[in-house]
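Report on the structure
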Amino acid sequence: PRCIRRMWGLGSGYCAHTMGYAMADWHQNGKHRMRLDGDAVFWDVQENIDVAEMRHCLELGESVIASQGRAFLLINGARARTATPDARRFQVDWARTHDITNRGRSVVYGTNIFVRALATLVIRASELIAHQTPTVDFVATEADALEWLRVQRLHWAQRTIKGPLTAEEIQTRLPGTSSLT
């Protein structure tokens, strides 16, 4: 769609507090589904991510940042497989022209070691090519991801000048968390 902000109802007062949403609250992004909750973007990844799906997610994140001042991406990686080479290139190229480290954070839950390894490759590519290292935290469950979001929002509000928590700070607050930076 041409107008992501209109499609997602940014600024319309849409808000919810749990992951138990009706299907109507979720919107398709290719084979995946996504939904918004204020400054949070929830992405339920289904198998591989192609370039159009990656672009849509990143553009949605930019729209959330424009309206909220930050964006937190919560990714359900239980059914995730990989991102296509074109999608990975697009993400790294995006990092060349967008600040991907100071305007939000990401957390992935339900993943296997393969998905974590792939995330490490994309993060390292961003670091080498775009000279930015996004922080991606990994937690075990959806409940852990929601707690991560609660902690991020709390600390973002307390640290508006510095931005979100560092990887070390989040690990001390959430037992069982691992982080790739």
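For the structure itself, look to the data block above.
Residues numbered from 1 in each chain as written. Predicted model: local features only at pLDDT ≥ 70, side-chain atom pairs only at ≥ 80, totals over all residues. Heavy atoms only, no water.

Another aspect to go through is the pattern of salt bridges. If you walk through the whole model with that rule in mind, you get ten salt bridges. The closest approach of N and O atoms between Asp 39 and Arg 153, which form a salt bridge, is 2.7 Å. Of this pair, Asp 39 sits in the loop between β2 (32–37) and β3 (40–49) while Arg 153 is found in helix α5 (residues 142–158), placing the two residues 114 residues apart along the sequence. (Salt bridge = Lys/Arg side-chain N within 4 Å of Asp/Glu carboxyl O. Helix = DSSP H or I, 4+ residues; strand = E, 2+ residues; numbered from the N terminus.)

Summed over all chains, the structure comprises three aromatic pairs. Judged by centre distance (6.0 Å) and plane angle (90°), the ring pair of Phe 72 and Trp 148 falls under edge-to-face. One end of the pair, Phe 72, is in strand β4 (residues 71–83); the other, Trp 148, is in helix α5, and 76 residues separate them in sequence. In this structure Phe 72 comes out as buried when scored by relative accessible area, which is 1%. Ring centres 5.9 Å apart and planes at 40° place the aromatic pair Phe 90 and Trp 94 in the tilted group. Taken together, the residues Phe 90 and Trp 94, both in helix α3 (residues 85–97) and four residues apart, mark about one turn of the helix. Among the aromatic residues, those joined into a cluster by ring pairs are Phe 72, Trp 148 and Trp 156. When the ring centre of Trp 26 is taken as origin, the NZ or CZ atom of Arg 33, which lies over that ring, is 4.0 Å away. Here the guanidinium or amino end of Arg 35 rests over the ring plane of Trp 26, the centre of that ring lying 5.3 Å away. (Phe/Tyr/Trp six-rings, centres within 6.5 Å; stacked < 30°, edge-to-face > 60°. Buried < 20%, exposed > 50% of the residue type's maximum accessible area, 1.4 Å probe, protein only. Lys NZ or Arg CZ within 6 Å of the ring centre and 35° of its normal.)

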